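Residue-level listing of the chains:
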Amino acid sequence: MIEILLLLLFITAFIALQLKDMLASVLMLGVFSLLSCLVFFLLHAPDVALTEAAVGTGIGTVVLIWVVHKTGRRDTT
Amino acid sequence: MDLVLQYLVYFLIASCLLSMVRVIIGPSLPDRMIGLNLVAAQTLVILVILSVAMDRSIYLDVALVYDIFGFVGILALARYFSGTKEKP
């Protein structure tokens, strides 16, 4: 089970890097945080999974949406 | 782990995968948001099932905290989308 999740983590991180729309990238990062929370849970580390769920999903998404709102949505590079 | 719970977790991971297609290829941003919400709900079910299968009640706290903070994240996204009228 954990091999499937690690492969999904790799694919999700790669797509989040490649997307040109920053807000969609933040959403993909939310999926990445979710899957890594599941991986920590399967490795019998519930405290790390708890922190990942609180920081990565909640605070991280809010702060990144704020930053995208302040700077602009399109990646022009 | 019980066999029924194990197959249930595999089924939910496959369902998560199908929902993730909508997050990846979704034409507009609200589509992607709905896909993220769907993946979050299915992951929550996986967390609760694994906590029942491992027979540790302390693992339920992860699902609880995830649900609360995931709601805050979705709320921030909806607050951002309510201000924008553009068609992405």
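Read on for an overview of the structure.

Let us now look at the packing of helix α2 (residues 22-42) of chain A against helix α2 (residues 29-54) of chain B. Running from N to C, α2(A) and α2(B) point in directions that differ by 5°, and their axes come no closer than 10 Å. The orientation of α2(A) relative to α2(B) falls into the category roughly parallel. Seen from α2(A), the contacting residues are A:Leu23, A:Ala24, A:Leu27, A:Gly30, A:Val31, A:Leu34, A:Leu38, A:Phe41 and A:Leu42; seen from α2(B), they are B:Leu29, B:Arg32, B:Met33, B:Leu36, B:Val39, B:Ala40, B:Thr43, B:Ile46, B:Leu47, B:Leu50, B:Ser51 and B:Met54. Counted by class, the contact of α2(A) with α2(B) contains 17 nonpolar, three polar and one charged residues.

Taken together, the contacts link 34 residues of chain A with 34 residues of chain B. Of the roughly 3200 Å² buried at the junction of chain A and chain B (both faces included), carbon and sulfur atoms supply 86%. It is A:Met1, A:Leu27 and A:Phe41 that lose the most area in chain A upon contact with chain B, and together they represent 22% of the buried surface on that side. On inspection of chain A and its partner chain B, the count reaches zero salt bridges. Of all the secondary structure elements, the ones that give two or more residues to the side of chain A that touches chain B are α1 (2-18), α2 and α3 (46-71) of chain A. Looking at the side of chain A that touches chain B, its residues break down into 24 nonpolar, seven polar and three charged.

The rules we used
- Residues numbered from 1 in each chain as written.
- Chains lettered and ligands numbered in written order.
- Predicted model: local features only at pLDDT ≥ 70, side-chain atom pairs only at ≥ 80, totals over all residues.
- Heavy atoms only, no water.
- Axes fitted to C-alpha atoms, helices over the stretch in contact; angles between N-to-C directions.
- Helix = DSSP H or I, 4+ residues; strand = E, 2+ residues; numbered from the N terminus.
- Parallel < 35°, antiparallel > 145°, perpendicular 65-115°, else oblique.
- Contact = heavy atoms within 4.5 Å.
- Nonpolar A, V, L, I, M, F, W, Y, C, P; charged D, E, K, R; others polar.
- Buried area = accessible area lost by both parts, 1.4 Å probe.
- Salt bridge = Lys/Arg side-chain N within 4 Å of Asp/Glu carboxyl O.

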